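Each chain, written out:
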Amino acid sequence: MPGTWIDFKELRARLKFEDVLRHYGVEIKRKGSQHHGFCPLPNHNGKKNSPSFSANLERGLFHCFGCGAKGNLLEFAALMEKVSVDDGRALRGVAVKLQKQLCPDLVSSRPWQGQDKEDTPPKQESKELPVVVNAPLDFELKGLEHDHPYLLGRGFSKETIAHFGLGFCSRGHFKDRIVIPLQDHEGKLVGYAGRVIDDALISEDNPRYRFPSKRERSGTRFEFRKTLFLYNGFRIKAPCNDLCVVEGFTSAWWLHQHGFPSVVATMGADVSEQQAALIVSLVKPFGRVWFLSDGDKAGERFAESLLREVSPHRFVRWVKSVEGRQPTDLSAEQLKACFNL
């Protein structure tokens, strides 16, 4: 028998993280929109007597700095149920359970069209396939040219190139582009981005950056969404005093190369709520968020978005670039001056 169709986006919007935590026996210790306490996850492998667990109750996101677990409230529930967040069917089962117990009025007459038996072929249209977002890849791109003139010509050292796993790709979806590995908040490889090496070739059909496209396999649609994580965020293992936030990949590489390893990129000018919550979680309560914007209209939009989303929770400082310039145009000395070092 087919199950009930679950709209994951609507369910996440309707669920209150506070209710989900209580459902799993977590005593709420609320301070503003945040909950801090001991990690309740059954597979927690960090210190047992340290309040390393933090939850943003308004945005429905959590992070344990002891065991490294992060995600949204549905992923939290999955971990509490001891199922893999990468298992689309198991995650759906957890969602159905939460819906019945916490949002019983959220019921759709639309039947779920997923496969319940191995010998039953999927009957749904492509648009109705179960969707898995940012699933870890089961492959890595090989044969990349790591010493390509584009990277070296822009001033990036071999150490920086190796650190970020960059390289020129000569075939496939990223042909004639610099390939950039993308890891989620847990450090799992979830995709690649590709940058053109000749800006004169940028067009509507040939954008500066190309991201993973949608794909279907075994009755499931796999999608990539860059708004759900921060580039380089997985390398920051614990809340820091000072976090640098930039728009693009190259700025992140540049700051890292010049002595600022605590840097993340939003991969665009629009900062999502999920990214803002992650930024807050990566900075100590009395720490500082420094954001370096590009010197253009998009940079202003980036700064305004960060100010709106992050400033209610952390001290923020906007370091403006001169019009028409980017953080990569700054020398090591100029960067230090920006941060008053």
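Note on numbering: residues in each chain are counted from 1, in written sequence order. Confidence filtering applies because this is a predicted model: local features only for residues at pLDDT of at least 70, side-chain atom pairs given and counted only at 80 or more, and all residues used for totals across whole chains, interfaces and linings. The side-chain quantities take in all heavy atoms of the structure and omit both hydrogens and water.

Some details on the overall build of the protein chain
The line we're drawing: Strands are runs of DSSP state E lasting at least 2 residues, helices are runs of H or I lasting at least 4, and numbering of each runs from the N terminus. Here, residues are in contact when the closest pair of their heavy atoms is within 4.5 Å. A 1.4 Å probe and the Shrake-Rupley method give the accessible areas. Residues count as covered only by the protein chains that appear here.
When its secondary structure is counted, the protein chain shows 10 helices and 16 strands. Within the protein chain, residue pairs in contact and separated by at least 24 positions form 61% of the contacts whose partners lie at least 6 positions apart. Carbon and sulfur atoms make up 49% of the accessible area of the protein chain, which amounts to about 17700 Å² in all.

Let's talk about helix α7 (residues 249-257)
The test is simple: Note on classification: 1.4 Å probe, protein chains only; a residue is buried when its accessible area is under 20% of the maximum for its type, exposed when over 50%, partly exposed between these limits.
Taken across its nine residues, α7 has seven buried, putting it largely inside the fold. Of all the positions in α7, only F249, T250, S251, A252, W253, W254 and L255 are classed as buried. Looking one or two places after α7, you find G259, whose phi comes out positive at around 95°.

A closer look at helix α9 (residues 297-310)
Where we set the bar: Here a helix's expected span is defined as the number of its residues, less one, multiplied by 1.5 Å. Arc definition: it is the arc formed by the directions from the helix axis to the C-beta atoms. Polar contact is the term for a pair of N or O atoms within 3.5 Å; when the atoms are in protein, one must be able to donate a hydrogen and the other to accept it, and sequence-neighboring residues count only if both atoms are side-chain atoms.
An ideal rise of 1.5 Å per residue puts 20 Å on 14 residues; α9 measures up with 20 Å between its terminal C-alpha atoms. When we look at burial in α9, the residues that qualify are G299, F302, A303, S305, L306, E309 and V310. Projected down its long axis, α9 carries its buried residues within an arc of 160°, all on one side. Those residues of α9 that are exposed and angled more than 90 degrees off the buried face are K297 and R308. Where α9 is buried, its residues contact β13 (240-246), α8 (273-281), β15 (283-292) and β16 (315-319). Two or three places before A298, at the start of α9, stands the capping residue D296, its side-chain oxygen 3.3 Å from that residue's backbone nitrogen.

Section: the packing of aromatic side chains
Rule in force here: Between the rings of Phe, Tyr and Trp (Trp by its six-membered ring), a pair exists once the centres lie within 6.5 Å; its type follows the angle of the planes, with under 30 degrees stacked, over 60 edge-to-face, and the other angles tilted.
All chains considered together, the criterion is met by 18 aromatic pairs. On the basis of an interplanar angle of 50° and a centroid distance of 5.9 Å, the ring pair of F53 and F76 is categorised as tilted. Of this pair, F53 sits in strand β3 (residues 53-56) while F76 sits in helix α3 (residues 73-80), placing them 23 residues apart in sequence. By the burial criterion, F53 is buried, and F76 matches it. When the centroid spacing of 6.4 Å and the interplanar angle of 85° are considered together, the rings of F291 and F302 count as edge-to-face. Of the two residues, F291 sits in strand β15 while F302 sits in helix α9, which places them 11 residues apart along the sequence. Under the relative-accessibility criterion, F291 is labelled buried at 0%. Taken together, the aromatic side chains of F156, F164, Y209, F211, F224, F229, Y231, F249, W253 and W254 make up a single cluster linked through ring pairs.

Quick notes on the layout of surface pockets
One way to see where empty space is left: roll a probe the size of a water molecule over the atoms. We count it as follows: Any residue with an atom within 4 Å of a point lines the site, the site being either a cavity, points on a 1 Å grid over the protein atoms alone where a 1.4 Å probe fits but cannot get out, or a pocket, an open set with protein on both sides within 12 Å along at least 5 of 7 lines. Grid points are joined across faces, edges and corners, and a volume is the space filled by probe spheres set on the points. Residues were grouped as follows: Ala, Val, Leu, Ile, Met, Phe, Trp, Tyr, Cys and Pro as nonpolar; Asp, Glu, Lys and Arg as charged; and all remaining residues, including Gly, as polar.
If you add up the space inside the second largest pocket, you get close to 460 Å³. Surrounding the second largest pocket, 20 residues form its lining, R208, Y209, G248, D294 and Q326 being those nearest its centre. Per element, the largest residue contribution to the lining of the second largest pocket is three residues, and it comes from α7. For the lining of the second largest pocket, the class distribution of residues is seven nonpolar, five polar and eight charged.

Read these as layout, nothing more, since geometry by itself doesn't imply function.
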